[in-house]
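Here is how the chains run, residue by residue.
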Amino acid sequence: MTRSTHTLTLDQGTIDVTVDLHGERGRPFLLLHGGGGPQTVTPFAGLLAEQRPARVFTPVHPGFDVTFRPEWLTDITTLAQVYAHLLDALDLRDVAVVGNSIGGWIAAELAALGGDRISSVTLVNAVGIPVPGHPIADTFSLTPAELSRLSFHDPSKFRFDPSALTETQRAIMAANRATLQVYSGPHNMADPTLPERLAKITHPTLVAWGVSDQVVDVGYGRAYAQAIPDAKFRLLEGTGHMPQSETPDQLLPILWDFADARVIHRPQL
């Protein structure tokens, strides 16, 4: 893994974005982490780069892991604009965008922006839309143990002991939580205006969903897929809110095959 920092200039101001890269050659993936932080996708990024010819770019959302978030960056729509500028700065083409949870929300907003650098979008247990009868769990009110029970098909494999954390780790977790609250907005991880933007997405889109997810249930996932024209929906058995952590061997071939089928094969110069 290599880490780099990219200075991007938007209309709102300038921002530095930290990006980890797994793999040296192959198809580019932009892998967007959820509210648990970059560590929730790092092992999967390494696995994807190891098992497939892929270069996996995993940016750290500004404000997470002690990175700087400017005051003007307070919502997911603007964060998606940041990543659109990042793709320009990296000069990437045929990018497969993959996002989990709030990262899926960012991926959806990025797809809604359009542009010709993206070849496909995979939303993995994404949040971001209001769905009547299928509320998003209020994760900010839960203890780590309670959140684990909602997030995993088999929570016993992902036991978390807060007492084992160092003071530095506690500080990072608290800062990440505060940053997530900023990005999640006033509607508990949802934007009532997002569905109208989803209806304009033209990129091939796959919505993949863990059947045991109790943070956002399967009915929510189906509604997400229905909001995007021609989106495909795929259930993932034996997994919850974070398939990339719980069942990576199931998720990897699904998202690879979807991305591979939609890449534009350009002639070699």
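Structure shown above.
What comes next is a walk through the structure. Note that the structure is predicted; figures quoted are calculated from it, not measured. (Residues numbered from 1 in each chain as written. Predicted model: local features only at pLDDT ≥ 70, side-chain atom pairs only at ≥ 80, totals over all residues. Heavy atoms only, no water.)

### A word on the overall build of the protein chain
Rules: Segments assigned H or I by DSSP are reported as helices when at least four residues long, segments assigned E as strands when at least two residues long, and all are numbered from the N terminus. Note on method: radius of gyration uses C-alpha positions; expected globular size equals 2.2 Å times residues raised to 0.38. Burial classes: relative accessible area under 20% of the type maximum marks a residue as buried, over 50% as exposed, and values in between as partly exposed (1.4 Å probe, protein chains only). Note on definitions: a residue-residue contact is assigned when non-hydrogen atoms from the two residues lie within 4.5 Å. Method for areas: the Shrake-Rupley scheme with a 1.4 Å probe, in which residue coverage is limited to the protein chains shown. We treat Lys and Arg as the positive residues and Asp and Glu as the negative residues; His and chain ends play no part in the count. One atom stands in for each charge, and that atom is NZ of Lys, CZ of Arg, CG of Asp or CD of Glu.
A count of helices and strands for the protein chain gives nine helices and eight strands. Here the C-alpha atoms of the protein chain give a radius of gyration of 17 Å, agreeing with the 18 Å that 2.2 N^0.38 yields for 269 residues. If you line up the protein chain on its principal axes, its C-alpha atoms span 55 × 40 × 35 Å. Burial analysis of the protein chain (269 residues in total) assigns 49% to the buried set. Considering only contacts within the protein chain whose residues lie at least 6 apart along the sequence, 75% involve residues at least 24 apart. In the structure as shown, the protein chain presents an accessible area of about 12,200 Å², 52% of it carried by carbon and sulfur atoms. One finds the centroid of the 20 positive side-chain charges in the protein chain at a distance of 4 Å from the centroid of its 28 negative side-chain charges.

### Comments concerning the sheet that holds strand E7 (residues 205-210)
Note the cut-off: If DSSP finds at least two bridges between two strands, the strands pair. Fitted lines through C-alpha atoms give the axes, limited to the stretch in contact for helices. The angle between two N-to-C directions lies from 0 to 180 degrees.
Reading across the sheet, the eight strands line up as E1-E2-E4-E3-E5-E6-E7-E8 and stay open at both edges, with mixed pairing between neighbours. Here the strands that pair on one side only, and so sit at the sheet edges, are strand E1 (2-9) and strand E8 (232-236). Strand-to-strand, the axes of this sheet are offset by a mean angle of 25 degrees, without reference to chain direction. Strands in contact with helix H1 (residues 42-51) are strand E2 (14-22), strand E3 (27-32) and strand E4 (54-59); relative to E4, the strand with the most contacts, it is inclined by about 165 degrees.

### Section: the pattern of salt bridges
Note the threshold: We count a salt bridge whenever a side-chain nitrogen from Lys or Arg sits within 4 Å of a carboxyl oxygen from Asp or Glu.
Per the counting criterion, the structure on display carries eight salt bridges. For Arg-197, the salt bridge goes to Glu-109, with nearest N and O atoms at 2.8 Å. Of this pair, Arg-197 sits in helix H6 (residues 194-198) while Glu-109 is found in helix H3 (residues 102-112), placing the two residues 88 residues apart along the sequence. Given a relative accessible area of 2%, Glu-109 falls into the buried group. Salt bridges linked by common partners bring Asp-88, Asp-91 and Arg-117 together as one network.

### What to know about the packing of aromatic side chains
Stated formally: Any two of the Phe, Tyr and Trp rings considered here, Trp counted by its six-membered ring, make a pair once their centres fall within 6.5 Å; the pair's planes then place it as stacked at under 30 degrees, edge-to-face at over 60, or tilted in between.
For the coordinates displayed, the defined rule picks out four aromatic pairs. Considering the side-chain rings of Trp-209 and Tyr-220, the 6.1 Å spacing of their centres and the 40 degrees angle between planes classify their relative orientation as tilted. Taken as a pair, Trp-209 in strand E7 and Tyr-220 in helix H7 (residues 218-226) lie far apart in primary sequence, 11 residues in all. Pair check on accessibility: Trp-209 and Tyr-220 agree, each one buried.

### A closer look at the environment of Met-189
As for its placement among the helices and strands, Met-189 is situated in the loop between helix H5 (167-184) and H6. Here the alpha-carbon distance between Met-189 and Ile-136, two residues 53 residues apart in the chain, equals 7.4 Å. Among residues more than four places away in sequence, those in contact with Met-189 are Ile-102, Trp-105, Val-127, Gly-128, Ile-136, Thr-139, Phe-140, Leu-180 and Ser-184.

### Quick notes on the packing of helix H2 (residues 76-90) against H3
This is how it is decided: Geometric relationships in this document are graded by angle, where less than 35 degrees denotes roughly parallel, more than 145 denotes roughly antiparallel, 65 to 115 denotes roughly perpendicular, and other angles denote oblique. In this scheme, a crossing is called left-handed if the near helix is turned counterclockwise away from the far one by less than a right angle; it is called right-handed if the turn is clockwise. All amino acids are sorted into three groups, where Ala, Val, Leu, Ile, Met, Phe, Trp, Tyr, Cys and Pro are nonpolar, Asp, Glu, Lys and Arg are charged, and the leftover types, Gly among them, are polar.
Following both chains from N to C, one finds H2 and H3 inclined at 70 degrees, their axes separated by 8 Å at the closest point. Taken together, the axis directions place H2 and H3 in an arrangement best described as roughly perpendicular. You can see that H2 and H3 cross each other, and the crossing is right-handed. Taken together, the residues of H3 that come into contact with H2 (itself represented by Ile-76, Thr-77, Leu-79, Ala-80, Tyr-83, Ala-84 and Leu-87) are Ile-102, Trp-105, Ile-106, Glu-109 and Leu-110. In terms of residue class, the contact of H2 with H3 is made up of 10 nonpolar, one polar and one charged.

### Quick notes on the nonpolar core
Going by this rule: Residue types Ala, Val, Leu, Ile, Met, Phe, Trp, Tyr and Cys, when buried and joined through side-chain atoms within 4.5 Å, form a set referred to as a nonpolar core.
Membership of the largest hydrophobic core comes to 54 residues, with the highest contact counts inside it found for Leu-30, Val-82, Tyr-83, Val-97, Leu-123, Tyr-220 and Tyr-224. Top element by residues in this core is H2. It accounts for eight residues. When neighbours within four sequence positions are excluded, Val-82 is seen to be in contact with Leu-8, Leu-10, Ile-15, Val-17 and Leu-73. Core analysis: the second largest hydrophobic core is formed by 22 residues, Val-56, Val-98, Leu-251 and Phe-258 among them.

### Remarks on the pairing of strand E5 (residues 95-100)
Of all six residues in E5, six are buried, a share of seventy percent or more. Of the two faces of E5, the one holding Val-95, Val-97 and Gly-99 and the one holding Ala-96, Val-98 and Asn-100 are both buried throughout. Bridge count between E3 and E5: four bridges; the pairing is parallel. Bridge assignment links Leu-31 to a residue of E5, and that residue is Val-98.

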